[in-house]
Amino acid sequence: MSDILAQLAEVLEARKAEDPAKSYVAGLYAKGLDRILKKVGEEATETVLAAKDGDAAHVVYETADLWFHTLVMLAYLDLRPEQVLEELARRFGVSGLDEKAARGQAE
Ligand SMILES: N=c1c2ncn([C@@H]3O[C@H](COP(=O)(O)OP(=O)(O)OP(=O)(O)O)[C@@H](O)[C@H]3O)c2ncn1[C@@H]1O[C@H](COP(=O)(O)O)[C@@H](O)[C@H]1O
């Protein structure tokens, strides 16, 4: 499921060498971190409004925009989505074990 994040991260990395006039992502990099963070903030707000609105397709669309712009932010900071997934996996490893134990499934 997370393969698309890794593949997209590769594209975002490659866009660091791209002409800003020819690529949306290269254009964002050229505008700098503050512009990227502004986009993350805008997309977060649009996601919240979509969730309040209650249209499922709209929520998915806006969440994709939000995730995409956080991936651009991570790439700009030379961070990888795998690092975020590892952090989530580490947390799940802790709480997931608790859940398994509660269900009597612990090994
Ligand atoms: N997944 C995306 C993606 N999601 C959203 N967006 C862009 O994010 C922007 C969303 O912002 P808005 O809705 O506010 O639209 P906007 O007014 O055009 O944006 P601003 O002028 O405010 O920055 C749109 O321009 C979308 O096209 C994306 N642009 C690119 N990608 C992926 O990134 C890859 C590299 O893209 P390029 O750099 O364009 O080649 C592509 O192959 C795609 O896979």
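See the structure printed just above.
All of the points below concern the structure found in this document. Every chain begins its residue count from 1, and numbering advances along the sequence as written. Two thresholds apply to this predicted model, a pLDDT of at least 70 for residue-level local features and 80 or more for giving and counting side-chain atom pairs, whereas whole-chain, interface and lining totals are computed over all residues. With hydrogens and water set aside, each side-chain value is computed from the structure's full complement of heavy atoms.

## Re the nonpolar core
As a rule of thumb, soluble globular proteins bury nonpolar side chains together.
Then, in step 1: What we call a nonpolar core is a set of buried Ala, Val, Leu, Ile, Met, Phe, Trp, Tyr and Cys residues that are connected through their side-chain atoms within 4.5 Å. Under the scheme applied here, a residue whose accessible area is under 20% of the maximum for its type counts as buried, over 50% as exposed, and between as partly exposed, the area being computed with a 1.4 Å probe on protein chains only. Among the nonpolar cores identified, the biggest contains 11 residues, and these are Leu 5, Leu 12, Val 25, Leu 28, Tyr 29, Ile 36, Phe 68, Leu 71, Val 72, Leu 74 and Ala 75.
Then, in step 2: Setting aside chain neighbours within four positions, we find Val 25 in contact with Leu 12, Arg 15 and Phe 68. For this analysis, residues touch if any pair of their heavy atoms sits within 4.5 Å.

## Quick word on the packing of helix 2 (residues 24–31) against helix 3 (residues 33–53)
Then, in step 1: Orientation is described by axes fitted as lines to C-alpha atoms, over the contacting stretch for helices, and by angles from 0 to 180 degrees between their N-to-C directions. Every helix listed is a DSSP run of H or I at least four residues long, and every strand listed is a run of E at least two residues long, numbered separately from the N terminus. One can describe the packing of helix 2 onto helix 3 by two numbers: an axis separation of 5 Å at closest approach and a directional angle of 120°. Classed by the angle they form, the pair helix 2 and helix 3 counts as oblique. Contacts between helix 2 and helix 3 involve Tyr 24, Leu 28, Tyr 29 and Lys 31 from the first element and Arg 35, Ile 36 and Lys 39 from the second.
Then, in step 2: Put simply, Ala, Val, Leu, Ile, Met, Phe, Trp, Tyr, Cys and Pro go in the nonpolar bin, Asp, Glu, Lys and Arg in the charged bin, and everything else, Gly too, in the polar bin. Of the residues belonging to the contact of helix 2 with helix 3, the class tally is four nonpolar, no polar and three charged. Roughly parallel refers to an angle under 35 degrees, roughly antiparallel to one over 145, roughly perpendicular to one between 65 and 115, and oblique to any angle outside these ranges.

## As for the pattern of salt bridges
Pairs can form between side chains of opposite charge once their charged atoms are near each other.
Then, in step 1: Note on definitions: salt bridges are taken to be side-chain nitrogens of Lys or Arg within 4 Å of carboxyl oxygens of Asp or Glu. Counted by the stated rule, this structure contains nine salt bridges.
Then, in step 2: Close ionic contact of Lys 16 with Glu 13 constitutes a salt bridge, the shortest N to O distance being 3.2 Å.
Then, in step 3: With a relative accessible area of 37%, Glu 13 lands in the partly exposed category.
Then, in step 4: A salt bridge links Arg 80 to Glu 82; its shortest N-O distance comes to 3.1 Å.

## Considering the site of the ligand
Then, in step 1: A single heavy atom is enough: if one lies within 4 Å of a molecule or strand, its residue is considered near that molecule or strand. Around the ligand lies a shell formed by Leu 8, Val 11, Arg 15, Ser 23, Tyr 24, Val 25, Arg 35, Lys 39, Glu 43, Asp 65, Phe 68 and His 69.
Then, in step 2: Counting of polar contacts relies on pairs of N or O atoms within 3.5 Å, with two restrictions inside protein: one atom must be capable of donating a hydrogen and the other of accepting it, and residues adjacent in sequence are counted only when both atoms are side-chain atoms. A distance of 2.9 Å separates an oxygen atom of the ligand from a polar backbone atom of Val 25.
Then, in step 3: In this structure, an oxygen atom belonging to the ligand sits 3.5 Å away from a side-chain N or O atom of Glu 43.
Then, in step 4: The Shrake-Rupley method, run with a 1.4 Å probe, gives the accessible areas here. Residue values count only the displayed protein chains as cover. When the ligand is considered free in solution it has 830 Å² of accessible area, and contact with the protein chains removes 52% of it.

## Points about the side chain of Ser 23
Then, in step 1: Examined against the element boundaries, Ser 23 turns out to sit in the loop between helix 1 (3–14) and helix 2.
Then, in step 2: The class of Ser 23 is buried, set by a relative accessible area of 8%.
Then, in step 3: With residues up to four places along the chain from it excluded, the contact list for Ser 23 reads Arg 15 and Glu 18.

## Re the packing of aromatic side chains
To describe a pair of aromatic rings, one takes the distance between the centres and the angle between the planes.
Then, in step 1: Working definition: rings of Phe, Tyr and Trp (its six-membered ring) pair if their centres are within 6.5 Å, and the pair is stacked with planes under 30 degrees apart, edge-to-face with planes over 60 apart, and tilted otherwise. Under the definition given, this model contains two aromatic pairs.
Then, in step 2: On the numbers, 6.2 Å between centres and 35° between planes, the contact of Tyr 29 with Tyr 76 is tilted. Placement of the pair is Tyr 29 in helix 2 and Tyr 76 in helix 4 (residues 56–76), with a sequence separation of 47 residues.
Then, in step 3: You can call Tyr 29 buried: its relative accessible area is 11%.

## Describing the side chain of Lys 39
Then, in step 1: Within the secondary structure, Lys 39 is located in helix 3.
Then, in step 2: Since its relative accessible area comes to 14%, Lys 39 is described here as buried.

Limitation: the analysis is restricted to geometry and does not speak to function.
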